[in-house]
Amino acid sequence: MDQPVEHIVFLTGHLARPSLERVLGGIESAPFTWEVRDLGLQVAALMTAEMIARRVPGPVQADRILVPGRCRGDLDALTQHYGIPVQRGPEELKDLPRFFNRAAKPMDLSEYEVAIFAEIVDAPNLSVDGIVERARQLRADGADVIDLGSLPATRFDHLADSVQALKAEGFLVSVDSNDAQELLRGGRAGADYLLSLTLDTLWVAGEVEAVPVLIPRTPADEASLHAAVEQMQRMGKPYFADSILDPIPFGLTASIVRYHRLRERFPEAPIMLGIGNVTELTEADTSGINALLFGIAAELNVAAVLTTQVSPHARRAVREADWARRIMHAAASHGRLPKGISDALMTVHAKHPFPDTPQEIAETAAQVRDPNFRVQVSPLGLHVYNRDGLRLGQGAFELWPQLKLEHDAAHAFYMGVELAHAEIAWKLGKRYVQDQPLDWGVAVETRAQDLNSWCAPGSTKK
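These numbers come from a predicted model, not from an experiment.

J.: Run through the environment of A77, naming residues and quoting values.
T.: Mapped onto the secondary structure, A77 falls in helix α3 (residues 75-82). The exposure class assigned to A77 is partly exposed, which follows from its relative accessible area of 37%. Sequence separation between A77 and G142 is 65 residues; the distance between their C-alpha atoms is 35 Å.

J.: Lay out α3 in plain terms, naming residues and giving numbers.
T.: Among the residues making up α3, those that are buried are L75, L78 and Y82. Across the axial projection of α3, the buried residues extend over an arc of 50 degrees, all falling on one side. Away from the buried face of α3 by more than 90 degrees, exposed residues D76 and Q80 are located. In the core, the buried residues of α3 are packed alongside α2 (49-55), β3 (64-67) and β4 (86-88). In the stretch just after α3, G83 is the one whose phi turns positive, near 80 degrees.

J.: Give a description of the pattern of salt bridges that names residues and reports values.
T.: Taken as a whole, this structure holds 29 salt bridges when the rule is applied. Residue E133 is joined to R136 by a salt bridge in which the shortest nitrogen-to-oxygen separation is 3.2 Å. In this pair, E133 and R136 are both assigned in helix α5 (residues 128-141), 3 residues apart and thus about one turn of the helix distant. For E133, a relative accessible area of 37% translates into the label partly exposed. Judged by its relative accessible area of 38%, R136 is partly exposed. Of the charged contacts, one joins R261 and E222 as a salt bridge, the two residues approaching to 2.7 Å between their closest N and O atoms. Taken together, the residues span a long stretch of sequence, with R261 in helix α9 (residues 252-265) and E222 in helix α8 (residues 222-235) at a distance of 39 residues. Residue E222 is classed as buried on the basis of its relative accessible area of 19%.

J.: Give me the pairing of strand β8 (residues 193-197): which residues, what numbers.
T.: By the criterion of burial, β8 is predominantly enclosed, with 5 of the 5 residues buried. Of the pairings in the sheet, the one linking β8 to strand β9 (residues 211-214) comprises 4 bridges and is parallel in character. Bridging across to β9, L195 finds its partner in V213.

How each quantity is defined
- Residues numbered from 1 in each chain as written.
- Predicted model: local features only at pLDDT ≥ 70, side-chain atom pairs only at ≥ 80, totals over all residues.
- Heavy atoms only, no water.
- Helix = DSSP H or I, 4+ residues; strand = E, 2+ residues; numbered from the N terminus.
- Buried < 20%, exposed > 50% of the residue type's maximum accessible area, 1.4 Å probe, protein only.
- Arc of directions from axis to C-beta.
- Contact = heavy atoms within 4.5 Å.
- Salt bridge = Lys/Arg side-chain N within 4 Å of Asp/Glu carboxyl O.
- Pairing = 2+ DSSP bridges.

Pasting the structure below:
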């Protein structure tokens, strides 16, 4: 017997209704029937739960009610009021087809397999308290292990105290040094991991409980790494193996091949991939680099990654790594491409930057009967309209003389900010929504909006 088709009531405003009906009508093989109700307000984004309760009489003959994504108020109370689910849809109605597709196939990003070792490269120059504070920040960004780096010709007399202070706060700790005696001190202080031991310094692993990370004598000396792995396997002790990732364009490809050979020779070996040589030493947005490197990590079944965030352009490296490992794990475990899973790593561009065509914007503008300015962006540029007409330009300074706001400082300031945001979005190919900050993905720390609460009115909005 066929399952009954779900019926959904979509609530919207007067200006958005034609576009909403076009979008819903264009969804092929929609698994639901629908109707659109205009609440009698101009702008759908101004809809609130209280307004819905006043303007939509019950009972509503539907399986659920979908309201605009920026609708504020307690939707749980509305669900109880109407006796059917009341839910927020996407913020932009043009995203409804993708919204229903994602709703049918949710992707869980809570799981991952790769551990993140985050190195504090200047640990010898920090106080114990400074190290602990840095570690807290790194853990908040997604680090699983705090790696204490060493510096050439720099004493680290407070190494043991630093390890013990971190352990007292529940951190997993690794000590990173080329000095075997320093590694020995770190291991005896309680470090969980030691970076890094070669075949010649493998004796340190027999002196302490810390898990060693094994590296070759030189990056090209694969035989010494393989011999160290075999020795640890004979001892029956845990370890990580790291073939050393070289920077671009000085051996990156060859080093990836070495990792591949390591995996082929030792199918079950836990591998560590140190990615700082690529993220730190390449002047390119690290979000994309991390996406690529964690994709390689997923293919190689890497167990851990060592990363740093020293260079200013890499200051979000740990947070990007956390997102990248989750996205790539989801892609690998579900057997799908890392596309349409999350846009957290798309910091500069948007996948669907311009949801509205110039013609659709013009049709909406023709309905406006009030003096309030609306701003939208299309492939042609910035569209600004109110009851006095529609203006099109490609920058804030080009549009400014047409707004006639020379004697209204507050409104001029507001429109200046909005036009600047719109111009940036148009030039980069980002999604622009009036009165909303631009979405920079994981590159910018933002607070999640609580749409169940009310926001203060903007002092410059007219």
